[in-house]
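Spelled out from the first residue to the last, the chains are:
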Amino acid sequence: MFNKILIANRGEIAVRIIKTCQEMDISTVAVYSDVDSTAPHVLFADEAISIGAPEPRESYLNIEKIIEVALENDVDAVHPGYGFLSENHQFARACEKAKITFIGPSIAAMTMLGDKLRSRQIMQSVGIPVIPGMIIKANSENEIITAAEKIGYPVLLKASAGGGGKGMRIVEKPDQLKPALDACQREALAAFGDDTVYVEKYFRQLRHIEFQILADHHGNYVHLFERECSIQRRHQKIIEESPSPLLTDDLRKRMAEAAINVVKTAGYTNAGTVEFLVDQDTNFYFLEVNARLQVEHPVTEFITGIDLVRQQILIANNERLQIKQADIYKRGHAIEARIYAEDPENNFLPSSGKILFVEAPTGPWIRNDSGIRSGLELPIYYDPILAKLIVWGETREIACKRMETALKQYVILGIKTQIPFLRDIVSHAEFKKTAIDTHFIENHFAEWKPGYDHVDLSLMISAIEEDTQRKSFSNSANNKRATPWIQVGRWQI
Amino acid sequence: MVRKFKVMDNDYTVDIQKRDTVYSITIKEKKYNIKIIYHDQILILFKINGKKYKSYCAKNAHVWYVHVDGQFYLVHNISGKRFGIEQQSNIPANVGLDVRAPMPGKVLKIYVQKGDNVKIGQDLCVIEAMKMEHVIKAPNDGFVESINCSLTDIVDAGHILIDIKEHPGDETT
């Protein structure tokens, strides 16, 4: 087994990986940028090494520097977490060259799956459904018109180089195609300098459902069921759950088979996630493979009882999967809510500053994966995820109520978070009825505002605090030994 | 004692009197009697009309961050100068035609130059924080009097990025 693992990441995921390493008696090396020197992942790890300036490319994306630290500290393996270098084949190659195990898939599988278009073509060729048209690259107007007719309306025009909704047009009828195509190409050229456009089938209602896979280096594959990730805001998942309320046993079985088929075709090893889109008629389509540990992996851990990070480490150490498919059961229902440093009242702008106080909820079947602590100055350079709250319940209804209650008890003072927004989602009638799709937030929360029923209470509390503070000052004036800074306690400038 | 606070852009005058562990507080002619059960650095437990409440609160500069019954409040103390600490608002506000950073972040792009004429809604610059870009737009028609930031600068919330002046005579139209 590995003696020492370097975690090439920060925040809640680095902390989460360190915890499993500690349980496996593997010592840990954290790396940190200049603004993260007292971040929780630095405090938890056995060793912590500074790797440079806060800008990600100077630190958490600095392959050369991270390899150098790994070599200097006799590290056996590197866990990349999610984001940053986790799906970077150059980093995996650099690890290989330095004879350090990269805890993740092979370079070949990573490279192949990294090319989204090519991987879809390959998957389609082995009979895995992909969204009709998704792999057609049409260069001329005539080709697009032909493709649209073949796919059937409505279709979606998409900038090939695109992202973030730019250069995207929904076309309902053939006579709308030409003007939409012109506009789409103009936008694509302006935004990305490339007017190549795709055409694919448009679905009014889609759900995002993914399957967790484990694969060892000895040809063994298992799936750990699905995660429903349809609750998204600006294409960012915010609430995930498992099992998906949509799947019947039959559909689950067919999708799981397809997911295993995808990883086999790619020669994929380690933990990976096969993402599918599911339409209103429960047809499913392969989207892509996330070749890493997912943010939302804890919901799978909760319903299966399997530690995914431990499995990743065992697989990377060339061990055989000890779990057989027949031994993997799902039990009850798990939900995750991602807590972001965003101001829900101000268009979800990132919020930063000093975290004055944190108290996370505890209790039966409540898990808090956190990358923050009281007193931490929140840097502006990284993803705004602060923590993930995961709950389990014997039924979905109980899990929803448990999440709602736990979110109500989650206290973060000093910065703004979207906790009230998350709470209103899990207590929404449509969410409880499982009427969810990828448009849920825009359909039900476009005009959302937090409830403010206790303005008077907040004023009273502040007035009492001010009063207490004033008394502390006058007391300290009468006491020569005490400085105002000791007496005043919570006063901060 | 009378204190002034601002919550969500509304001003409140709060009158507070204390007798032993009981506060009597009046807000907008509504009177409350608050019995303190426990009070420490962060936590405050109290009762109003027999109902128990638990609240967490902490202060940064002049702002109280209050959590009560699952809701979060930012209560700005606007009582004025006290204890020699300058009363200063860090709420980003468009005072006049200053263009301020709505959040702390890095200046990613600046689209205008000193002296440029700008139209209301025109893109002026881009601030990036936590991998999100935010486009700052002109609040009014006018011209760029000065630019108070450079590319890659890290700015605080409320920092005046760009000064826009109205063209002379615009106010009367």
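Look up a bit, the structure's there.
Residues numbered from 1 in each chain as written. Chains lettered and ligands numbered in written order. Predicted model: local features only at pLDDT ≥ 70, side-chain atom pairs only at ≥ 80, totals over all residues. Heavy atoms only, no water.

Draft legend 1. Region of interest: the packing of helix 4 (residues 89-97) of chain A against helix 5 (residues 107-114) of chain A. All names here are of chain A. One way to put it is that helix 4 packs onto helix 5 with a least axis distance of 9 Å and a crossing angle of 170°. In terms of axis orientation, helix 4 runs roughly antiparallel to helix 5. Residues His89, Ala92, Arg93 and Glu96 of helix 4 pack against Ile107, Met110 and Thr111 of helix 5. When its residues are assigned to classes, the contact of helix 4 with helix 5 shows three nonpolar, two polar and two charged. (Axes fitted to C-alpha atoms, helices over the stretch in contact; angles between N-to-C directions. Helix = DSSP H or I, 4+ residues; strand = E, 2+ residues; numbered from the N terminus. Parallel < 35°, antiparallel > 145°, perpendicular 65-115°, else oblique. Contact = heavy atoms within 4.5 Å. Nonpolar A, V, L, I, M, F, W, Y, C, P; charged D, E, K, R; others polar.)

Draft legend 2. Up close: the pattern of salt bridges. Residues and elements named next belong to chain A. Tallying each qualifying case throughout the model produces 37 salt bridges over all chains. We note a salt bridge from arginine 10 to aspartate 36, for which the minimum N-O separation is 2.6 Å. In this pair, arginine 10 is assigned in the loop between strand 1 (4-7) and helix 1 (11-23) and aspartate 36 in the loop between strand 2 (27-33) and helix 2 (40-44), connecting sequence segments 26 residues apart. Comparing arginine 10 with aspartate 36 shows no difference in burial state: the two are buried. The partner of glutamate 241 in a salt bridge is arginine 396, with the nearest N and O atoms 2.7 Å apart. Here arginine 396 lies in helix 12 (residues 396-408) and glutamate 241 lies in strand 12 (residues 236-242), a separation of 155 residues in the sequence. With respect to class, glutamate 241 is no different from arginine 396; both count as buried. When salt bridges with common partners are traced through the structure, they connect Glu210, Arg227, Lys237, Glu240, Glu275, Glu296, Glu336 and Arg338 into a single cluster. (Salt bridge = Lys/Arg side-chain N within 4 Å of Asp/Glu carboxyl O. Buried < 20%, exposed > 50% of the residue type's maximum accessible area, 1.4 Å probe, protein only.)

Draft legend 3. The nonpolar core, seen in detail. Membership of the largest hydrophobic core comes to 76 residues, with the highest contact counts inside it found for Ile239, Ile412 and Ile425 of chain A. Ranked by the residues each element gives to this core, the list is headed by strand 22 (residues 385-393) of chain A, at seven residues. Taken domain by domain, the makeup of this core includes at least three residues from each of domain 1 (4-103) and domain 3 (206-444) of chain A. With sequence-adjacent residues up to four places away left out, isoleucine 425 of chain A is seen in contact with Ile231, Ile238, Ile239, Phe431, Phe440, Ile441 and Phe445 of chain A. Within the second largest apolar cluster, 47 residues are counted, among which are Ala70 and Val75 of chain A together with Cys125 and Cys149 of chain B. (Core = buried A, V, L, I, M, F, W, Y, C linked by side-chain atoms within 4.5 Å. Domains from an automatic or database assignment.)

Draft legend 4. Seen up close, the environment of serine 242 of chain A. Residue and element names in this part refer to chain A. Within the element layout of this structure, serine 242 appears in strand 12. Along the chain, serine 242 and glutamate 301 lie 59 residues apart, while their C-alpha atoms are 9.8 Å from each other. The residues touching serine 242, leaving out its near neighbours within four places in the chain, are Glu226, Arg227, Val299, Ile303, Gly332, His333 and Ala334. Here the side chain of serine 242 touches glutamate 226 through a polar contact of 2.5 Å, landing on its backbone oxygen. (Polar contact = N/O pair within 3.5 Å; in protein donor to acceptor, adjacent residues only side chain to side chain.)

Draft legend 5. Examining the packing of aromatic side chains more closely. Residues and elements named next belong to chain A. Going through the model one piece at a time under the given rule, you end up with 17 aromatic pairs over all chains. Judged by centre distance (6.2 Å) and plane angle (80°), the rings of phenylalanine 211 and phenylalanine 276 are edge-to-face. One end of the pair, phenylalanine 211, is in strand 10 (residues 206-215); the other, phenylalanine 276, is in strand 13 (residues 270-279), and 65 residues separate them in sequence. Measuring from centroid to centroid gives 5.0 Å for phenylalanine 421 and tryptophan 448, while their planes differ by 75°, and the two rings are edge-to-face. Here phenylalanine 421, found in helix 13 (residues 419-426), pairs with tryptophan 448, found in the loop between helix 15 (440-444) and helix 16 (455-477); they are 27 residues apart in sequence, far enough to count as distant. Side by side, phenylalanine 421 and tryptophan 448 carry an identical accessibility label, which is buried. Through pairs of rings, three or more aromatic residues link up here, namely Phe348, Phe421, Phe431, Phe440, Phe445 and Trp448. (Phe/Tyr/Trp six-rings, centres within 6.5 Å; stacked < 30°, edge-to-face > 60°.)

Draft legend 6. Region of the structure containing the side chain of threonine 304 of chain A. Residue and element names in this part refer to chain A. Following the sequence through the fold, threonine 304 ends up in helix 10 (residues 297-304). Of the polar contacts made by the side chain of threonine 304, one reaches the backbone oxygen of threonine 300; its length is 2.7 Å. Only 3.3 Å separates the side chain of threonine 304 from the backbone nitrogen of isoleucine 306, close enough to count as a polar contact. With sequence-adjacent residues up to four places away left out, threonine 304 is seen in contact with Leu224, Phe225, Ile328 and Tyr329.

Draft legend 7. Quick peek at the side chain of serine 24 of chain B. Mapping serine 24 of chain B onto the fold places it in strand 3 (residues 22-27). In this structure, serine 24 of chain B is in contact with Asp15, Ile16, Gln17, Lys31, Tyr32 and Asn33 of chain B, ignoring residues within four places of it in sequence.

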